[in-house]
There are 2 protein chains.
Amino acid sequence: MNDQSQQRPFDDIRNLVEALPAGDAKAAATARDRQSQLIKPPGALARLEDLAVWLAEWKGDPRPKITRPVVTIFAGAHGVAEQGVSAYPSAVNRQMVEAFASGGAAISQLCASQSLGLKVFDLALDMPTGDFTAGPALEEKDCAATIAYGMEAVAGGSDLLCLGEMGIGNTTVAAAIAAGLFGGTGSDWAGRGTGVDDAGLKRKCEVIDQGLALHQDRLDDPLEVLARLGGREFAGLAGAIIAARYERVPVVLDGFPVTAAAAVLFKMNPGAIDHCVLGHVSSERGHQKLADAMGLEPILSLGMRLGEGTGAALAAGVLRAAVDVHNGMATFEEAGISGPA
Amino acid sequence: MNDQSQQRPFDDIRNLVEALPAGDAKAAATARDRQSQLIKPPGALARLEDLAVWLAEWKGDPRPKITRPVVTIFAGAHGVAEQGVSAYPSAVNRQMVEAFASGGAAISQLCASQSLGLKVFDLALDMPTGDFTAGPALEEKDCAATIAYGMEAVAGGSDLLCLGEMGIGNTTVAAAIAAGLFGGTGSDWAGRGTGVDDAGLKRKCEVIDQGLALHQDRLDDPLEVLARLGGREFAGLAGAIIAARYERVPVVLDGFPVTAAAAVLFKMNPGAIDHCVLGHVSSERGHQKLADAMGLEPILSLGMRLGEGTGAALAAGVLRAAVDVHNGMATFEEAGISGPA
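Just so we're clear, the structure is a prediction, and the values are computed from it rather than from any experiment.

A. Geometry of the pattern of salt bridges. Residue and element names in this part refer to chain A. Tallying each qualifying case throughout the model produces 30 salt bridges over all chains. Of the charged contacts, one joins Glu206 and Arg203 as a salt bridge, the two residues approaching to 3.6 Å between their closest N and O atoms. Of the two residues, Glu206 and Arg203 are both situated in helix 10 (residues 198-214); the distance of three residues between them amounts to about one turn of the helix. Judged by its relative accessible area of 32%, Glu206 is partly exposed.

Dropping the structure here:
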């Protein structure tokens with residue numbers, strides 16, 4: 001009775017992640033059957049077909065629509081950024097959040113170009129997380145509260161959720177989370193981020209290794225990895241992914257940090273991110289490896305490494321095309337087309 | 001004097017392909033410079049940056065726009081289709097052309113989804129080309145006239161040309177053209193097309209090898225390869241690519257047949273398709289190999305193998321995103337963002 005009476009902040013999160021609703025297998029089967037009747041050789045649209053069926057499953061609709069796609073960005077500030085792990089100062093966090101709103105950022109233009117909504121959540125940019133080489137980045141209570149905030153942030157109003165992030169230093173954090181969850185050291189996961197030189201990359205690896213060593217006793221719990229080595233945008237992203245599942249909103253993951261946030265949930269429950277698709281694989285070093293570790297196949301591979309949700313936003317165009325083709329094409333019967341000779 | 005006095009139909013085409021205009025290096029340099037000033041780490045948008053600069057070069061505009069993108073499909077019928085090289089009968093050619101117009105085809109839906117115009121040119125579907133195992137597919141005069149028709153077909157009205165094709169049997173033709181241009185046999189280039197079985201694939205390879213043997217003395221001239229082993233949609237596509245260059249309209253190539261048509265021009269003049277980008281790599285067997293032979297890097301790789309211009313149409317969305325980002329993003333100076341620490 002003793003342990004159970006001490007309700008801890010992560011317990012609610014754990015319960016939610018264990019009880020995630022399943023997809024709609026019937027809607028998926030109906031969608032797959034429809035694909036087989038459309039006027040094309042079987043399987044000829046390949047990934048577009050799979051994406052339409054996947055959307056059917058997670059929207060619970062054999063003819064899924066995408067009418068309110070949204071890019072949601074979480075921005076956080078990192079104590080570890082003071083360790084010289086990034087090419088840019090933390091002041092850029094707020095400047096970029098302003099650029100998202102004013103339309104000057106890449107993601108703003110992509111959202112306009114692709115008719116995507118854009119929401120930006122600034123997570124205490126003036127109060128960086130703790131430096132994980134000296135202590136936990138976040139206390140359990142703060143981490144759980146930020147996950148809950150992320151859940152609230154995406155409530156209602158969207159039928160496709162593209163996730164993005166902003167946070168100077170957060171490819172260091174993503175690499176630390178990946179190593180904490182999947183093993184290995186800084187040099188297995190760290191890349192150049194926004195563009196550190198060789199000395200910066202070496203520093204980044206050392207910083208990650210210090211963090212892993214300091215917190216090694218707590219890394220068997222994915223939520224502890226998130227709290228100790230993570231950051232607020234990671235917690236917010238994890239919350240958004242959980243909430244989207246409960247609201248039947250499919251999710252498009254972006255680059256290394258977003259995928260690292262998803263990985264926390266994947267480690268808690270391997271089916272927890274089945275309603276997520278990987279929008280792109282970035283050129284940031286650890287991203288492909290992390291995608292491989294979770295069996296995620298990117299939609300796009302354009303060498304991008306900007307973050308902000310830019311890869312997810314571009315991939316949303318492919319998803320929209322997939323549903324338009326799925327819903328709009330004629331069947332062999334409707335079109336009176338000859339079958340195989 | 002004798003040879004020169006006998007003006008032959010291909011001579012005009014040869015002259016046009018030799019004299020293709022160069023790109024606008026100054027517009028490209030100005031565009032590249034602008035990319036370096038936009039609020040992102042240098043190179044972080046990778047392929048999107050390269051595509052914007054490429055569009056600047058071939059449109060002759062450092063701030064290129066895409067306002068009238070069009071998918072243009074050429075459809076042809078092939079004598080060699082009677083050899084059992086396809087899973088579908090040639091009657092499907094006209095049925096699919098009707099489906100393009102009525103909106104039931106995949107490409108119709110993609111064009112609607114992506115706001116692309118759609119033009120379809122039906123090239124004598126009721127008069128198939130000759131069977132290349134018995135003689136030339138096209139006489140030189142017919143081939144040259146169809147190239148000229150393709151040039152006319154794309155005149156005016158577009159600022160991005162996505163090329164597509166329809167033609168039962170035309171992956172056999174594409175493989176024959178590829179082998180004729182780059183060497184090898186049927187088994188080096190042939191794939192399953194719309195879905196032939198093992199016996200069909202074997203038949204396809206044999207048919208290609210028969211064609212290569214019959215026409216072997218004339219395969220050192222790319223235009224002869226096009227005439228003898230090709231088909232009307234290939235000739236039309238080649239003409240469209242030539243005309244687009246003269247009109248400063250960048251071109252998006254689609255799958256194996258469209259790429260094979262482009263390869264004819266590439267073999268005549270390696271710079272002849274510098275104004276073309278490969279929209280996607282299909283899962284049709286010879287396509288990646290042909291792309292590699294010409295140094296073409298696909299924008300998308302989604303396993304598609306439908307043709308119709310579907311891969312090019314999807315890639316047009318990425319190109320539009322590239323120019324919107326290029327033109328719309330703020331510079332570091334405009335946004336007052338801190339540079340590297």
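B. How the structure looks around the packing of helix 11 (residues 222-229) of chain B against helix 13 (residues 256-268) of chain B. Residues and elements named next belong to chain B. Between helix 11 and helix 13, the shortest axis-to-axis distance is 8 Å and the interhelical angle comes to 155°. Taken together, helix 11 and helix 13 sit at an angle that is classed as roughly antiparallel. Each of Pro222, Leu223 and Leu226 in helix 11 lies in contact with helix 13, whose residues at this interface are Val264, Lys267 and Met268. A breakdown of the residues in the contact of helix 11 with helix 13 according to their chemical character gives five nonpolar, no polar and one charged.

C. Looking closely at the packing of aromatic side chains. By the definition in use, this model includes eight aromatic pairs over all chains. On the basis of an interplanar angle of 25° and a centroid distance of 5.5 Å, the ring pair of A:Phe74 and A:Phe121 is categorised as stacked. Taken together, the positions of A:Phe74 in strand 1 (residues 69-76) and A:Phe121 in strand 2 (residues 117-123) put the pair 47 residues apart, joining distant regions of the chain. We note that A:Phe74, like A:Phe121, is buried. Between B:Phe182 and B:Trp189, the aromatic rings sit 6.4 Å apart at their centres with planes inclined by 40°, giving tilted as the arrangement. The exposure class assigned to B:Trp189 is buried, which follows from its relative accessible area of 2%. An aromatic cluster of three or more residues is present, and its members are A:Phe74, A:Phe121 and A:Tyr149. The ring of A:Trp189 has A:Lys289 sitting right over it, with the charged end atom 4.8 Å from the ring centre.

D. Geometry of the relation of the copies chain A and chain B. Of the transformation placing chain A onto chain B, the axial shift is 0.0 Å and the rotation is 180°, giving an RMSD of 0.0 Å. Read as a symmetry element, the transformation amounts to a two-fold axis. Of the residues that chain A buries at the interface, 100% are likewise interface residues in chain B, meaning the two copies contact each other through the same surface.

Thresholds, definitions, all that
- Residues numbered from 1 in each chain as written.
- Chains lettered and ligands numbered in written order.
- Predicted model: local features only at pLDDT ≥ 70, side-chain atom pairs only at ≥ 80, totals over all residues.
- Heavy atoms only, no water.
- Salt bridge = Lys/Arg side-chain N within 4 Å of Asp/Glu carboxyl O.
- Helix = DSSP H or I, 4+ residues; strand = E, 2+ residues; numbered from the N terminus.
- Buried < 20%, exposed > 50% of the residue type's maximum accessible area, 1.4 Å probe, protein only.
- Axes fitted to C-alpha atoms, helices over the stretch in contact; angles between N-to-C directions.
- Parallel < 35°, antiparallel > 145°, perpendicular 65-115°, else oblique.
- Contact = heavy atoms within 4.5 Å.
- Nonpolar A, V, L, I, M, F, W, Y, C, P; charged D, E, K, R; others polar.
- Phe/Tyr/Trp six-rings, centres within 6.5 Å; stacked < 30°, edge-to-face > 60°.
- Lys NZ or Arg CZ within 6 Å of the ring centre and 35° of its normal.
- Least-squares fit on C-alpha atoms with pLDDT ≥ 70 in both.

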